[in-house]
Every structure is written in C-alpha cells, then in structure tokens.
Amino acid sequence: MEQTKNNGLIMRMLNVIERVGNKLPDPVTLFFIFSLLVVVLSALFSSMGVQVEDPLNEGEMIAVKNLLSSEGILYLFESAVTNFTSFAPLGTVLVTMLGIGIAERSGLISAALRGLVTSVPRVLMTAALVFGGVMSSMAADAGYVVLTPLGAVLFAGLGRHPLAGLAAAFAGVSGGFSANLLLTSLDPLLGGLTQDAAAIINPDYAAGINYMMNYYFMIVSVFLITILGTLVTDFIVEPRLGKYKGDVKEEVDFLKPEEKKGLWAALATFLLTVIAIAMLVIPSWGPLRGGEENIIDAPFFHTLVPIILIMFFIPGLVYGRITKSIQNDKDVARQLAETMATMGAYIVLAFVAAQFVSYFSESNLGTVLAVKGAEFIDATGFKGIPLILTFIVVSGFINLFIGSASAKWAIMAPVFIPMMMLSGYSPEFTQLVYRIADSTTNVISPLMPYFAIVIAFAQKYDKKVGIGTLISTMLPYSIAFTIGWVILLIIWMLTGLPIGPGSSITY
C-alpha cells in the first residue's frame, strides 16, 4: 500500500513537471526574454550604483553598465551582428557537423552501431547495447532513431523482453550522452559557451581552454555507464518486466556484405587518418606541435574542430563510395547541404543566445553576480563536495524542464562558471559537473525531445506503454548513473587527477 502511494506521488510530480515544462516558451523565445531582462536589470542596477571589486585587479571597482543609456543602446545595435558571428559555438558546431553529417548520411554510423551490437556473443548483448548507445553520441541524435528500436528487435529476436532491450539502448544513448571515447559535436558546443563564460572573469585563462577539457573523465565514464547500464538491465529492469507475452516477432537485420566491406574500409581509413594527424602532432617538427616541448601546450588542442571534421568526413566518404550511397561529388554536396538544413533551428537559437551572453558580459552583470555569489558561498561555508552535489541537483532539476543541453548551458554558464571560478573551481570542472547532471536526468525527463519517439517504439510491443511506464522503467538507470558518476567525481576530486589535457579541477 505504501509503495502504491509513493508511486502515485512520483507520477503526480512528473505530471506537474510535464505540464509546467509544456507551458515554457520555446528556447528561442526564452533567450529573447532573458536578453530583454538583462537590458532592464542593467539600467536598474546601474541607477542603484551597484559595483564590486575587480577579482583580477585588487582595489579597482567594476560597476554595472546601463544598456538603456545612449551608449548602451548604440552598443545593442552595433554589436548585434558581431555578437552572432563571434559566438564561439556557432562555427565550431557547424564545421563539426559537416564531417559527422557525411558519416551519418552515407550510412556509416548506422552500420557501425548495428555491426557492433549484432556481432557480440549473446552474453554480452546488453553491454554491447549500452556501450553502443553511449558511443552513438558521436553522431548527435542518431542513436535515438537507430539504436533504440534496434535494441528492442535484438532482444525480441533472442527471446528476451523487447522493452528491456529498448531500455538498455535508451539508457546508453540518453543517460550516457556526455560520455564517449571520441570527441563529439557536444565538446565544442559546450566548450565554446564555457570559454565565453570564463572570459567574464579572466579572458586570458579562457583563451587557453581547449575542447578536450573533460576528455580523460569521459573516457572512464564510458566504461562506468556501460557496466551500470548492464547491471540495471539484467538484474532490475528485465526481471521486473518478466517474460514477454506479446505477439510481435522480430528478425534481426544483420549487415549486408557490402556494408561489412564498407565498415572495414572505413576503419582502415580512420586508422590511417589518425596516423597522419599524429605525424603532424607528435614529432617536434610537426606543424600542429608548434615547436612546444610539452605537447599539452601544442596548437593541436586548439585545432580540434577541423580535425573532428576530417576524422568523420574521410571514413564516411570511403564507406559511401563502397556501398554506393555516395557515387559522385554531387552526392557529397547534397548530403552536406542536407546536414546544414537540419541545423536551421540551432542557428536561430545561436543568434538569440549570442545576444544574451554578450549583453550579460557587456553590462558587467555576470561579474557582479559572480562576485556576490562567491561571497555568499564563502559566508555560508558551503564548499567542496556539498557545493558540487548541490550544483548537480540544480542542473538536473532544470534539465527536467529544458531538454536542450546547449540551451541550458547557454543560460547557466555565464552565471555559474564565473561564480565557481571565484570559489576556486575551474571552468573545465564546472562544465564537467554540468554534463553529469544533464545526462543522468535525460532518461526520466518527459520533455526530452526524443521521449515521445521512444514511447512510440515501445508501443509496438505493448500498446499500454505511456509516459509513466517509460519513466518507471528508466528511473533505476537515472539513479544508478547519478550515484555512480557522483562517486567517480568524488574520487577524481580527492585524488586531484586531471580531467582532460591541461585541465584541472581547481582554478
């Protein structure tokens, strides 16, 4: 009886989250409102004479600038275009997606995911699904539409409950979205926002931040999420679902001979590309080494965007040529154009987000808020692990209402990164904590863009599946991932290990 009451309470809470979230404006509108709010607040606080001591220059004061003054209004008009064109994540994401788009539209990524999960022994099927889901983030959202239904098909074909396979794949794709063995489009996307936010406090430091800032931690996270997702699927989710009694029968869609040939050729091309790039970085004479004695200081770490483009583009092109999905240069141009067409919504969002971030910095509200926030943290004595756990809870809660990782970080980064810097934590580490919180609550957020699609996949096997069914199925993954990732984070904090090349926990 008590359990039924608790389940009812959880469902009512989730229903409230869904209703409130559905009433929120579109992220584009949200950033427009926030931009106007920054302008109004700058006038208000400027008239009140609000100022703080410059954290970089002792004795100097920083006052809030009035963006509704004559100079401020001129700035709003003069900077609109440059705010957009200089918005760090804009160019990096578009360039990255050119390479990823060829790899995806040629069929390489879909074939690689299918090949991975269909070629492993039955005993490793769950682990392969979760691992494949985690790795699918290299192709943005492809894992949701390729791997999630494939997980259900594979489990059904093996006589297991198809919803357990769907849950395992969804857990890897969504819950492990921030982890990967390779750099993905998420790294430059969030990294650009992090650089802009860090520049509010220390422009020189921000200029030295590279997009691999969380790489070491995320490599370890891939194996952590794979292990946790496998254990939750095999010992909690599948036993709870019981034996599948539906009528849907599935046959596994194995790779065709030309797809296998294309995959092997793409793999060989990928390895040759890695070797070629390594020859530009590792030798002291390498152009991407830049004559630096320490490789961490090499220009290589600031050229990762075109490198990601090359690493996806060339294998994707080779795969497409072998499988005939790319037959000439017109096909390449068409696939590149189709990829850019899908980025239209992001470009619009980037325009309004760029204005918000720039207004926040120009008005000095970011610096004032960071200093005041850091003073509050010092006054309360709220430091270390409790502070980090609180940030995870806040970020995870916001994720229940705003599904887009970039939209949330564009809002949160200018506030939290300067504040955490003044509290002794590096921008790289603050971004890392955000990525953990964002990923772990994806699987239980009814406002996550692909949540409805996953429900539609599940209803193929059980018509009664709804939001409540999927959330109750995915909740154990969210809890396990959160606990596991927090423990790993605490170990990292206590040992002081670097979280990425040239990136530490402290500022």
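Bear in mind that the values here come from a model prediction, so they are computed numbers and not experimental data. (Residues numbered from 1 in each chain as written. Predicted model: local features only at pLDDT ≥ 70, side-chain atom pairs only at ≥ 80, totals over all residues. Heavy atoms only, no water.)

**Focus on the overall build of the protein chain**
So, step 1. Scanning the protein chain from terminus to terminus reveals 22 helices and two strands.
So, step 2. Over its C-alpha atoms the protein chain spans a radius of gyration of 24 Å, differing by no more than 12% from the 23 Å that the globule rule assigns to 507 residues.
So, step 3. C-alpha extents for the protein chain along the principal axes are approximately 70 × 70 × 45 Å.
So, step 4. Taken across its 507 residues, the protein chain has 53% of its residues classed as buried.
So, step 5. Contacts in the protein chain between residues far apart in sequence, at least 24 positions, make up 79% of those at least 6 positions apart.
So, step 6. Approximately 22,200 Å² of the protein chain is accessible, and the part contributed by carbon and sulfur atoms is 67%. (Helix = DSSP H or I, 4+ residues; strand = E, 2+ residues; numbered from the N terminus. Rg over C-alpha atoms; globule rule 2.2 N^0.38 Å. Buried < 20%, exposed > 50% of the residue type's maximum accessible area, 1.4 Å probe, protein only. Contact = heavy atoms within 4.5 Å. Areas by Shrake-Rupley, 256 points an atom, 1.4 Å probe, with all protein chains shown as cover.)

**Concerning the nonpolar core**
So, step 1. Counting residues in hydrophobic clusters, the biggest one holds 152 residues, and the most contacted among them are Phe217, Phe300, Phe429 and Leu489.
So, step 2. Excluding anything up to four places from it in sequence, Phe429 contacts Ile388, Leu489, Met493, Ile499, Ser504 and Ile505. (Core = buried A, V, L, I, M, F, W, Y, C linked by side-chain atoms within 4.5 Å.)

**Focus: the side chain of Thr96**
So, step 1. Looking at the secondary structure, you find Thr96 in helix α5 (residues 88-105).
So, step 2. For Thr96, a relative accessible area of 0% corresponds to the buried category.
So, step 3. Beyond its immediate chain neighbours, meaning those up to four positions away, Thr96 contacts Ser185, Pro188, Val305 and Ile308.

**Thoughts on unusual backbone geometry**
So, step 1. Positive phi is not limited to glycine here, since Lys324 has a value of about 70°.
So, step 2. Note that Lys324 resides in the loop between α14 (304-323) and α15 (329-341).
So, step 3. Here Lys324 falls in the exposed class, since its relative accessible area comes to 58%.
So, step 4. In this structure, Asn364 is a non-glycine residue whose phi angle is positive, near 70°.

**Section: the packing of helix α18 (residues 384-399) against helix α19 (residues 405-422)**
Any two packed helices are characterised by the angle at which their axes cross and by the distance between the axes.
So, step 1. Here α18 crosses α19 at 165°, and the two axes come no closer than 12 Å. The angle between the axes of α18 and α19 places the two elements in the roughly antiparallel class. Here α18 and α19 pass one another in a crossing that is right-handed. When α18 is examined against α19, the residues Leu387, Ile388, Phe391, Val394, Ser395, Ile398 and Asn399 are found in contact with a partner set consisting of Lys408, Trp409, Met412, Phe416 and Met420.
So, step 2. Grouping the constituent residues of the contact of α18 with α19 by class yields nine nonpolar, two polar and one charged. (Axes fitted to C-alpha atoms, helices over the stretch in contact; angles between N-to-C directions. Parallel < 35°, antiparallel > 145°, perpendicular 65-115°, else oblique. Left-handed = near helix turned anticlockwise from the far one by under 90°. Nonpolar A, V, L, I, M, F, W, Y, C, P; charged D, E, K, R; others polar.)

**Side note on the environment of Asn294**
So, step 1. If you trace the backbone, Asn294 turns up in the loop between α13 (257-281) and α14.
So, step 2. You can call Asn294 partly exposed: its relative accessible area is 38%.

**Let's talk about the pattern of salt bridges**
So, step 1. By the definition in use, this model includes nine salt bridges.
So, step 2. Note that Glu362 is salt-bridged to Lys65, the shortest N-O span being 3.4 Å. In this pair, Glu362 sits in helix α16 (residues 344-362) while Lys65 sits in the loop between β2 (61-63) and α3 (70-78), placing the two residues 297 residues apart along the sequence.
So, step 3. Exposure remark for Glu362: the relative accessible area of 29% places this residue in the partly exposed category. (Salt bridge = Lys/Arg side-chain N within 4 Å of Asp/Glu carboxyl O.)

**Considerations on the confidence of the model for the protein chain**
So, step 1. Averaged over all residues, the pLDDT of the protein chain is 87; the fraction at 70 or higher stands at 93%.
So, step 2. Put simply, helix α1 (residues 2-23) is where the protein chain has its lowest mean pLDDT, 57, and α3 is where it has its highest, 95.
So, step 3. The low-confidence segment residues 1-6, where pLDDT is below 50, has zero contacts with residues more than four positions distant or belonging to other chains. (pLDDT = per-residue confidence, 0-100.)

**Topic: a nonpolar patch on the surface**
So, step 1. A contiguous nonpolar patch, built from Ile227, Leu231, Phe235 and Ile236 and spanning about 430 Å² of accessible area, is present on the exposed surface.
So, step 2. Position of Phe235 relative to the elements: it lies in helix α12 (residues 215-241). (Patch = residues over 30% accessible without salt bridge, like charges linked within 9 Å, V, L, I, M, F, W, Y side chains within 5 Å.)

**Things to note about the side chain of Ser79**
So, step 1. Along the polypeptide, Ser79 turns up in the loop between α3 and α4 (80-85).
So, step 2. The exposure class of Ser79 is buried, given its relative accessible area of 5%.
So, step 3. A distance of 2.6 Å separates a polar side-chain atom of Ser79 from the backbone oxygen of Tyr75. (Polar contact = N/O pair within 3.5 Å; in protein donor to acceptor, adjacent residues only side chain to side chain.)

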